[in-house]
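Architecture at a glance
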Amino acid sequence: MMKIRRFLLVISALLALQTFAQESAPTFRFGYLSYETALKSMPDYAIAEQQMADLNQQYQAEMKRVEEEFNLKYEEFLEGQRDFPRTILQKRQTELQQLMEQNIAFKEQSREELAQARKQAFAPLKIRLIELLGQIGRERGFAFIYDTDTKALPFINPAQGEDISELVNSLLQK
């Protein structure tokens, strides 16, 4: 009988400890949102997109111009190649080859410059959004804020996390 009481006392003590440990454990909270949707909701996003579209259009116009210039010279070459002396023919072939190489280099450089310009145009927006998310995270006591665009977490428990999309959107509009 004494052993049973001792056993029940130990079990009761363990249950009390477990309950106390669960109650004193810190709660783990986090926020989540679509980073891309938040970024696109910023008022300055449309301005940056328009600037990028304008810059892209300038590069496209220049690429079209140099392509037309090449095509014109190539047509002239084809029309006159039968009548050109060998030296002029070789000179024109070399010119066309150089022009084609320059056009290819320009296209590659354009892609790089457009990518860099895009990065620079959107950097202030991203910094502002990150700062805002940090502020919200501190104010709400979040351990972290998760970007749902990555789709790395197939399940988010809404009881432990908070969808902050609407809050972020409203603060970005101010």
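Preceding block: the structure.
Bear in mind that the values here come from a model prediction, so they are computed numbers and not experimental data.

What counts and what doesn't
Counting from 1, residues in each chain are numbered in the order their sequence is written. Note on the predicted model: pLDDT of at least 70 is required for a residue's local features to be given, and 80 or more for side-chain atom pairs to be given and counted; whole-chain, interface and lining totals, by contrast, use all residues. To get the side-chain values, all heavy atoms of the structure are used, and hydrogens and water are removed first. Strands were regarded as paired on the criterion that DSSP finds at least two bridges between them. Here a strand is any run of E in DSSP of at least two residues, a helix any run of H or I of at least four, and the numbering for each starts at the N terminus. Between N-to-C directions, angles span 0 to 180 degrees; the directions come from axes that are lines fitted to C-alpha atoms, helices contributing only their stretch in contact. We call a set of buried Ala, Val, Leu, Ile, Met, Phe, Trp, Tyr and Cys residues a nonpolar core when their side-chain atoms join them within 4.5 Å. Between buried and exposed lies partly exposed: a residue is buried under 20% and exposed over 50% of the maximum accessible area for its type, with that area taken using a 1.4 Å probe on protein chains only. For this analysis, residues touch if any pair of their heavy atoms sits within 4.5 Å. We define a salt bridge as a side-chain nitrogen of Lys or Arg found within 4 Å of a carboxyl oxygen belonging to Asp or Glu. Polar contacts, as used here, are pairs of N or O atoms within 3.5 Å; protein pairs need one atom able to donate a hydrogen and one able to accept it. Residues neighboring in sequence count only if both atoms are side-chain atoms. Given a helix with a known number of residues, its expected span is that number minus one, times 1.5 Å. Values of bend correspond, residue by residue, to the angle between axes fitted over the seven residues ending at that residue and the seven starting there. Note on ring pairs: Phe, Tyr and Trp rings are taken, using the six-membered ring of Trp, and paired if centres are within 6.5 Å. Classes follow the plane angle, with under 30 degrees stacked, over 60 edge-to-face and the rest tilted.

1. Remarks on the sheet that holds strand E2 (residues 144-147)
Spatial strand order, E2-E1-E3: three strands in an open sheet with parallel pairing. The sheet is open, and its two borders are formed by E2 and strand E3 (161-163), each paired with just one other strand. Here the average twist between neighbouring strands, direction ignored, is 30°. Relative to E3, strand E1 (residues 30-33) is paired through three bridges, and the arrangement is parallel. Note that in E3 the partner of Gly-31 across the bridge is Glu-162.

2. Overview of the nonpolar core
With 22 residues, the main nonpolar core has Leu-129 and Val-168 as its most contacted residues. Going through the elements one at a time, helix H2 (35-40), helix H3 (43-80), helix H4 (86-140) and helix H5 (165-172) are the ones with two or more residues in this core. Per-element tally for this core: the top contributor is H4, with eight residues. Those residues in contact with Val-168 that lie beyond four places of it in its chain are Leu-33, Ala-38, Leu-129, Leu-132, Leu-133 and Ile-136.

3. Considerations on the pattern of salt bridges
Close approach of charged atoms allows side chains with opposite charge to pair. Scanning the model with the defined rule gives seven salt bridges in all. Between Arg-29 and Glu-162 there is a salt bridge; the shortest N-O distance is 3.1 Å. Taken together, the residues Arg-29 in the loop between helix H1 (2-24) and E1 and Glu-162 in strand E3 connect sequence positions 133 residues apart. Across the pair Glu-69 and Arg-65 runs a salt bridge whose closest N-O atoms are separated by 3.1 Å. Of the two residues, Glu-69 and Arg-65 both sit in helix H3, four residues apart, roughly one turn of that helix. Look at Glu-69 and you get partly exposed, because its relative accessible area is 29%. Three or more residues are tied together by salt bridges with common partners; here these are Arg-29, Arg-140 and Glu-162.

4. Observations concerning the environment of Glu-108
Position of Glu-108 relative to the elements: it lies in helix H4. On the basis of relative accessibility, which here comes to 35%, the residue Glu-108 falls in the partly exposed class. Polar contacts involving the side chain of Glu-108 include one to the side chain of Arg-111, which spans 3.0 Å.

5. Section: the pairing of E1
Burial of the side chains of E1 extends over both faces: Phe-30 and Tyr-32 are buried on one face and Gly-31 and Leu-33 on the other. When E1 meets E2, the two strands line up parallel, connected through four bridges. Each residue of the ladder has a partner; that of Tyr-32, found in E2, is Tyr-146.

6. Overview of H4
With 55 residues, H4 should cover 81 Å at 1.5 Å per step; its first-to-last C-alpha distance of 79 Å lies within 8% of that length. In the structure, H4 departs most strongly from a straight axis at Ala-123, where the bend amounts to approximately 40° and where the proline Pro-124 lies between one and four residues downstream. The first or second residue beyond H4 is Gly-141, which carries a positive phi of 70°.

7. Observations concerning the environment of Ile-164
Relative to the helices and strands, Ile-164 resides in the loop between E3 and H5. Given the relative accessible area of 0%, Ile-164 is considered buried. Placed 28 residues apart in sequence, Ile-164 and Ile-136 show a C-alpha to C-alpha distance of 8.7 Å. The residues contacting Ile-164, other than those within four sequence positions of it, are Gly-31, Tyr-32, Leu-33, Leu-133, Ile-136, Phe-142 and Ile-145.

8. Some words on the packing of aromatic side chains
Overall, the coordinates contain five aromatic pairs when judged by the stated rule. Taken together, a centroid distance of 5.2 Å and an interplanar angle of 50° make the contact between Tyr-45 and Phe-122 tilted. Placement of the pair is Tyr-45 in helix H3 and Phe-122 in helix H4, with a sequence separation of 77 residues. Note on accessibility: Tyr-45 and Phe-122 belong to one class, buried. Ring geometry for Tyr-59 and Phe-106: centres 6.3 Å apart, planes at 35°, overall tilted. One end of the pair, Tyr-59, is in helix H3; the other, Phe-106, is in helix H4, and 47 residues separate them in sequence. Among the residues examined, Phe-106 registers a relative accessible area of 24% and is labelled partly exposed. An aromatic cluster of at least three residues, connected via ring pairs, comprises Phe-30, Tyr-32 and Phe-144.

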